[in-house]
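Architecture at a glance
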Amino acid sequence: QIFNATMMLQSSIVYILAIALLSPHVSSFTAPSFLPKSSFAPSSSLHQTTTVTTRNTITTRLSSTTCPYDYALIFDCDGVIIETEELHRLAYNAAFDAAGLEINGEPVQWSVEYYDVLQNTVGGGKNKMFFHFRNTTGAFPTSQKGSVPAPTTAEEEQDLIDALQENKTNLYKDLIKEKAVPRPGVIELMDEAIADPKIAVGVCSASTKAAVTKVLDVTLGEERRNKLNVCILGDDVAKLKPDPLIYVTAAERLGIDPKRCVVVEDSLVGLKAAKGAGMKCLITYTSSTAGEDFYGFGADAKVPELGSRLVTLDKIFEPMKENVDAEILVGVKD
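From a predicted model like this one, the values you see are computed outputs, not experimental measurements.

**Points about the packing of aromatic side chains**
In this description, an aromatic ring pair is defined by two values, namely the gap between the centres and the angle between the planes. Applying the stated rule across the entire model yields nine aromatic pairs. On the numbers, 5.1 Å between centres and 50° between planes, the contact of Tyr-92 with Trp-110 is tilted. Here Tyr-92, found in helix 3 (residues 85–99), pairs with Trp-110, found in the loop between strand 3 (106–107) and helix 4 (112–119); they are 18 residues apart in sequence, far enough to count as distant. Residue classification places Tyr-92 among the buried residues on the basis of a relative accessible area of 2%. Clustering of aromatic rings is evident, with ring pairs tying together Tyr-92, Phe-96, Trp-110, Tyr-114 and Tyr-115. Above the plane of the ring of Tyr-172 lies Lys-168, whose end atom (NZ or CZ) is 4.6 Å from the centre. Residue placement shows Lys-302 over the ring face of Tyr-285; its charged tip is 5.4 Å from the ring centre.

Structure representation (structure tokens):
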């Protein structure tokens, strides 16, 4: 009798545990014949308490471990950290010249005015070239002063663009070594953010890894670059600005709400990417982008330079501490 009672007790315990584990998924069950059915009536209160506790535990765990930062400050590279757009244009023209590109006997060259249009319309160097040949000229060029015919297939077009981009990047890196100088106030703001453990700092650029790495090494230095919490470049994402993917990816890697991120950009392409990701965007415009309607496209603030307006972390993030949707750079922005 003692043996039988012990076996029944063990069976009861196992059954209770099984029901407790399966109760979120089982709506009804039959009690074993050796025990009173009332002992195993489904307990809605137990089920609800278990569910709520589990959700609270998960929420607490996520909020305490996913993101150690209160805010994120993310910089574009070209035009923000340094005014590189003219260097890019010169490098493209040098690459076109080296390849002997011609359309209808005329050399392929990008003017200052036309490149301003490109940089505010298309993100990424290869995309700019595809846009130029497909949309602007409506034809791909011959090479080597006409001795090599224009590509006739999508594969040949891609091969030409890839070769041009590779040479352009090498030419650009040489120009960077000679002429790269950070824009006023950028390094100071970045250092202030790096020194604050509650603010993540990152760089998101549509340019190639080879080109951006060279710029960052020259302007930021290796030590400062290694302190960045996130760095996503054109090679790292499938879609380039104005698609928001690069900034969405940055927020995901940091584990932070996009509403708590402020992006520093200089062009409409970058602005559209930042706003598309649900982030605030501060524009530091250049001479080539000064005429753009940044506020019309949702910019939260714009200034000619960070340094000239004495932009600091407090002026950016202090208003957001009371309300994450608060206006930033009040009394500072244009």
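**A closer look at the pattern of salt bridges**
One pass over the structure, following the stated rule, counts 15 salt bridges. For the salt bridge of Arg-134 with Glu-157, the shortest nitrogen-to-oxygen distance reads 3.2 Å. A residue pair is termed long-range when its members are at least 10 positions apart, and Arg-134 in helix 5 (residues 125–136) and Glu-157 in helix 6 (residues 154–179) qualify at 23 residues. Accessibility expressed as a relative area gives 46% for Arg-134, which makes it partly exposed. Under the relative-accessibility criterion, Glu-157 is labelled buried at 15%. Among the charged side chains, a network of salt bridges with common partners joins Asp-76, Lys-241 and Glu-265.

What counts, and at which threshold
- Residues numbered from 1 in each chain as written.
- Predicted model: local features only at pLDDT ≥ 70, side-chain atom pairs only at ≥ 80, totals over all residues.
- Heavy atoms only, no water.
- Phe/Tyr/Trp six-rings, centres within 6.5 Å; stacked < 30°, edge-to-face > 60°.
- Helix = DSSP H or I, 4+ residues; strand = E, 2+ residues; numbered from the N terminus.
- Buried < 20%, exposed > 50% of the residue type's maximum accessible area, 1.4 Å probe, protein only.
- Lys NZ or Arg CZ within 6 Å of the ring centre and 35° of its normal.
- Salt bridge = Lys/Arg side-chain N within 4 Å of Asp/Glu carboxyl O.

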